[in-house]
Amino acid sequence: EEYNVHICKKDNLVYLASLKAASTYYKSVFVSNGWETMKFEDIDWHQHHVFGFISDPITRYLKALAEDYFNEETEQLVEDPEFQDLLCKIVSRHRRQCFVLTYHSLPLSITLGKYARQVDWIPLGEGSDRIFAKLCEKYNIALDFTLDTIDVHESNERKLSVYNNLKSLFGEGNYFRDLILAQDIELYNDVKSKINLDISYFIFIPI
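Notes on the structure follow. (Residues numbered from 1 in each chain as written. Predicted model: local features only at pLDDT ≥ 70, side-chain atom pairs only at ≥ 80, totals over all residues. Heavy atoms only, no water.)

### Observations concerning helix 1 (residues 23–32)
Helical geometry: 3.6 residues make up each α-helical turn, so side chains three or four residues apart lie on a common side. Where helix 1 is concerned, the buried positions are S23, Y26, S28, V29 and F30. Buried-residue contacts for helix 1 involve strand 1 (7–10), strand 2 (13–16), strand 4 (49–54) and helix 5 (128–138). Of the residues trailing helix 1, G34 is marked for its positive phi of about 90°. (Buried < 20%, exposed > 50% of the residue type's maximum accessible area, 1.4 Å probe, protein only. Helix = DSSP H or I, 4+ residues; strand = E, 2+ residues; numbered from the N terminus. Contact = heavy atoms within 4.5 Å.)

### Re the sheet that holds strand 2
Spatial ordering of the open sheet is given by 3-1-2-4-7, a layout of five strands whose pairing is mixed. Two strands bound the open sheet, and with one partner strand each, they are strand 3 (36–37) and strand 7 (120–123). Across three bridges, strand 2 lies against strand 4 in parallel orientation. For Y15, the partnering residue across the bridge sits in strand 4 and is F51. Packing against the sheet, helix 1 makes contact with strand 1, strand 2, strand 3 and strand 4, and its axis sits at approximately 150° to strand 2. The strands touched by helix 5 are strand 2, strand 4 and strand 7; relative to strand 7, the strand with the most contacts, the crossing angle is about 145°. (Pairing = 2+ DSSP bridges. Axes fitted to C-alpha atoms, helices over the stretch in contact; angles between N-to-C directions.)

### Regarding the pairing of strand 7
By the alternation rule, side chains of strand 7 split into D120 and I122 and W121 and P123, which are all buried. Sheet topology note: the strand 4/strand 7 ladder contains four bridges and is parallel. Across the sheet, the residue bridging to I54 is P123, located in strand 7.

### Focus on the pairing of strand 2
Neither face of strand 2 is open: one carries L13 and Y15, the other V14 and L16, and all of them are buried. As consecutive antiparallel partners, strand 1 and strand 2 are separated by two residues, and within that stretch D11 has a phi angle of approximately 55°, a positive value.

### Focus on the side chain of H104
By the element assignment, H104 lies in the loop between helix 3 (81–92) and helix 4 (108–111). A polar side-chain atom of H104 sits 2.6 Å from a polar atom in the side chain of D68. Residue contacts for H104: discarding those within four places in its chain leaves L19, K20, R60, A64, E67 and D68. (Polar contact = N/O pair within 3.5 Å; in protein donor to acceptor, adjacent residues only side chain to side chain.)

### Considerations on the nonpolar core
Counting 37 residues, the largest nonpolar core has L16, F30, W35, F51 and F132 as its most contacted members. Among the elements of the structure, strand 1, strand 2, helix 1, strand 4, strand 7, helix 5 and helix 8 (182–193) are those that each provide at least two residues to this core. Once residues within four sequence positions are removed from consideration, F132 is found in contact with Y26, F30, F51, F53, I122, L143 and F145. By size, the runner-up hydrophobic cluster in this structure holds 17 residues, among which are L62, F70, C88 and Y163. (Core = buried A, V, L, I, M, F, W, Y, C linked by side-chain atoms within 4.5 Å.)

### Details of unusual backbone geometry
The phi angle of most residues is negative, glycine excepted, and most peptide bonds adopt the trans form. For K20, which is not glycine, the phi dihedral falls at a positive 65°. With respect to the secondary-structure elements, K20 resides in the loop between strand 2 and helix 1. For A22, which is not glycine, the phi torsion reads 60° and is therefore positive. Within the secondary structure, A22 sits in the loop between strand 2 and helix 1.

### A word on the packing of helix 2 (residues 57–68) against helix 6 (residues 157–170)
Packing of helix 2 against helix 6 leaves a shortest axis separation of 9 Å and a crossing angle of 125°. Judged on the interaxial angle alone, helix 6 and helix 2 are oblique. In the packing of helix 2 onto helix 6, the handedness of the crossing is right-handed. Contacts between helix 2 and helix 6 involve I58, T59, Y61, L62, K63, L65, A66 and E67 from the former and K159, V162, Y163, L166, K167 and F170 from the latter. Looking at the contact of helix 2 with helix 6 residue by residue, the class counts come to nine nonpolar, one polar and four charged. (Parallel < 35°, antiparallel > 145°, perpendicular 65-115°, else oblique. Left-handed = near helix turned anticlockwise from the far one by under 90°. Nonpolar A, V, L, I, M, F, W, Y, C, P; charged D, E, K, R; others polar.)

Right, dumping it as structure tokens:
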């Protein structure tokens, strides 16, 4: 099945979303600024400069669980108490024996496979705006971040509460977490180790 995420293109620069890494916000930025959407299968990995934003894998995982804690098929949060109770029990009581994966929490190493290390990742956090600006400057691309159509997509208090609860339940020393997220953690650390905020222009260093 096709990797179903936000993908936007401007000239040869292609944005590939990483779920729970500000993907809704950045998609709205690009679409509002006239970038075209495209399918994963149409990416030319030899010609296109594919970039995306990457966040700490464990933080991303917990945010994803908080997202999938709810069923958002409508504009209202439709809760599933049975799933929510099971999720909390597994994350806390049974965290050393099993591991929960949901749609949003699948590791990049699974969803992208070999392509995970062909993406020019920008780690979210301090300096990410500057790195992104340098990348756009390299391709002479200007973006207007003040457009009314941009979706800031801030988490509501309910989601933040669920995230904090899951984080407190998650604990440390989860063998399954360390095993399943190992490649994503390695990728994230490699990306961060190669970032130099003092450079005068952005250079993509393949990992």
